[in-house]
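# Overview (structure and organization)
So you can see what is in the structure, the chains are spelled out below.
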Amino acid sequence: MENRSYVGDETWNADTLPVGGLAGNQPHHHHNHHHKHHTTVDLKAPQTTTASDEKPPLREKWGRNIEFLLSCVALSVGFGNVWRFPYTAFKNGGGAFVIPYLIVLFIIGRPIYYLEMVLGQFSNRGCVKVYDLAPAMRGIGVGQTVAIFTVITYYASVLAVTLRYLVASFNPELPWAKCDPTWPDCVDSSRLGSIALGPNVTQPKTSADLYFRKTVMHAADSLDDGLGYPDWRLALCLIASWICIVGILIKGIKSSGKVSYFLAIFPYIIIAVLLVRSLTLEGAWTGIKYFFEPQWDKLLTIEVWYEAVTQCFFSLTICFGGLIVYSSFNDFSNNIYRHALIITSLDTVTSLVAGCVVFGVIGHLAHVTGQSDISKVVQSGPALTFITYPDTIAKFDFLPQFFSVLFFFMLFLLGIGTLIGIVTSVITAIHDQRPDIARWKIVISVGLAGFCIGLVYITPGGLIILELLDYYGATLVTITLAVFELLTFAWIYGVNRVCKDIEFMLGIKTGLFWRVCWGIVTPITVLFILLVSLVQYKPQNVPLGYNALGWCLYAFAVLQLPCWAVYAILQKQGLVWWDRCKAVLRPMADWGPEDPTKRSEYGTFIEEYKQQSVTNRTGNLVEKVRRKLFK
């Protein structure tokens, strides 16, 4: 039987008013003697008016709490750590990037991670329906779904490249270990010794580098001649990747929860093996020193901090909707505070370990090719992982094919784990709005759309398009919508209200650190990064039309916010315009726990809280801010 999510769309009408409001055409008066009466009308209605045969089916749940934890690990610990983090650190000066990244992780990443998990579990709603707490802001969730679908399309193409390498690893000799006779200025990746270069000798490239660019991707240097046609081998790998994703997701969250045991645990075994091997390579410690030694002058550049923020978003997969969706399948009383601390800490450690592996290899490459400047050994970009890791494996003197199969199988599993989470958020967003459509139809439709768009990235110009859409359609959109998400959760809904929700759900008081981060530090930092990035914007090094395409994608995602806000206001019939605007910025009548009994208890709990603080509603701006954050 199809397991449908709780939707609650039947409450989206003229009579839907925020918690504590009156039904019908009456205005929103908040006199003291009305509070209790209003709460009784709105919050307890589901118990008396919803018949058993009309009761919305409860949301599907994880089989066990450990499945949720491991699924979040598989979601957050993936390509963002092993693929994106090393090349972002390399591009931004190694150690000059690590310090800002750790700071940003502490004041932005972890607070947002915990906040999204709280609201997802508390409301049992997906990344769009969670904005029932302020319906005018529902466009944030829609825009984030657009951004995450953009990520899905190019992550799946990277997964296809991974699968291509996995298949090639079964050859009697690794195809990237030796130079092809047609490749000029090439040095074998299997070479262990250093080479001496004359003063007029061109800097050679490794066979792993040339294999990736010339054999696998047929990469073009620019888009002046167009994109080209997709490589048929990569197209087959892309089909196989999407078949795996669709096969895991087609039966719902319980099947993906079972797969998470393998997806989350096995990759760490391989990473440990590769770390040991990387550290034993000659010259490796030079690269690792570059990774951790900060270039203090770069710490004063906004670009490094901007990259740290965006990497934090990608590494933890925050402000994409996936965490809210995963948490929405939790039991109401699950201790997500502990889970948030475990996962964010594990994610950080994984990024640093992956960085050590990559930079150890880069140091060795510098030693082999005779290059003294670490920053000039390889080019930064998505290709870094498919050059440095294969180069490491080619130097193994014992069964390099075996280690290659293990590594690319691990990378494939990491990609699958991440994609399952972010594809689930898109599927859930659609299914929450259209529960009449069978889940399997949505899964297959998303898979087909993702495959068709993904063909673009496996063309000769695909890597350039990947970086273009990563910037406009994912990074820029995510940071922009993150500002509005934090504004909605922390100020429209209120930090104080979030903390009361946590107290009701988990029975714990929220500390000062979380309150200050949610209400002040995190939103101001993200807003500052966004403004500076827009002020210092430089077009991508592609033809003008491609930059225009990027801005169109950005506008399409961000403009969802005002469009859905106008729609929400127009749906509020029977009220004057000003009252409509206020109403759609307050929680809907059915906002709260999924279970009607819990929701009724929550209404009483919140009403008592309001009555305790109602005498302090007057005051200056500072006092109002204090109440919003600390009461």
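These numbers come from a predicted model, not from an experiment. (Residues numbered from 1 in each chain as written. Predicted model: local features only at pLDDT ≥ 70, side-chain atom pairs only at ≥ 80, totals over all residues. Heavy atoms only, no water.)

This part is about the UniProt feature "binding site: Na(+)" (unreviewed entry) in the chain. As annotated in UniProt, the feature "binding site: Na(+)" (unreviewed entry) corresponds to Val77, Asn81, Ser315 and Leu414 in the numbering used here. Spanning 338 residues, the annotated positions come together in the fold, the maximum distance between their C-alpha atoms being 12.2 Å. Apart from residues lying up to four places away in sequence, serine 315 is in contact with Ser76, Gly80, Asn81, Tyr101, Asp347 and Ser351. Relative to the elements of secondary structure, leucine 414 occurs in helix H15 (residues 400-433). Here leucine 414 falls in the buried class, since its relative accessible area comes to 3%. Contact partners of leucine 414, with chain neighbours within four places excluded, come to Ala74, Val77, Gly78, Val82 and Pro267. (UniProt positions renumbered as here; feature names shortened; annotations may be inferred. Contact = heavy atoms within 4.5 Å. Helix = DSSP H or I, 4+ residues; strand = E, 2+ residues; numbered from the N terminus. Buried < 20%, exposed > 50% of the residue type's maximum accessible area, 1.4 Å probe, protein only.)

With that settled, consider the packing of aromatic side chains. Where two aromatic rings form a pair, the distance of their centres and the angle of their planes describe that pair. Tallied over the full model, the rule gives 44 aromatic pairs. Measuring from ring centre to ring centre gives 6.0 Å for phenylalanine 262 and phenylalanine 409, while their planes differ by 45°; the resulting arrangement is tilted. One end of the pair, phenylalanine 262, is in helix H9 (residues 253-279); the other, phenylalanine 409, is in helix H15, with 147 residues separating them in the sequence. A centroid spacing of 4.9 Å and a plane angle of 75° characterise the contact between tyrosine 471 and tyrosine 472, whose relative ring orientation is edge-to-face. The exposure classification of tyrosine 471 matches that of tyrosine 472, with both residues buried. Every member of this aromatic cluster is reached through a ring pair, and the members are Phe85, Phe97, Tyr101, Tyr290, Phe291, Phe292 and Phe359. (Phe/Tyr/Trp six-rings, centres within 6.5 Å; stacked < 30°, edge-to-face > 60°.)

Here we take up the environment of alanine 555. With respect to the helices, strands and loops of the structure, alanine 555 is situated in helix H20 (residues 544-558). For the pair formed by alanine 555 and tyrosine 472, sequence separation is 83 residues and the distance between their alpha carbons is 9.4 Å.

Moving on, we come to the state of the cysteines. Per the counting criterion, the structure on display carries one disulfide. In this structure cysteine 312 is a free cysteine whose sulfur lies 9.1 Å from that of cysteine 319, the closest cysteine sulfur available. Judged by its relative accessible area of 0%, cysteine 312 falls in the buried class. (Disulfide = S-S within 2.5 Å.)

Moving on to the environment of glutamine 144. Relative to the helices and strands, glutamine 144 is located in helix H6 (residues 138-168). A residue is classified by how much of its surface remains accessible, and glutamine 144, at 1% relative accessible area, is buried. For the pair glutamine 144 and leucine 481, spaced 337 residues apart in the sequence, the C-alpha separation amounts to 7.1 Å. The residues touching glutamine 144, leaving out its near neighbours within four places in the chain, are Tyr131, Cys319, Phe320, Gly321, Leu481 and Glu485. In terms of polar contacts, glutamine 144 uses its side chain to reach the backbone carbonyl oxygen of cysteine 319, at 3.3 Å. (Polar contact = N/O pair within 3.5 Å; in protein donor to acceptor, adjacent residues only side chain to side chain.)

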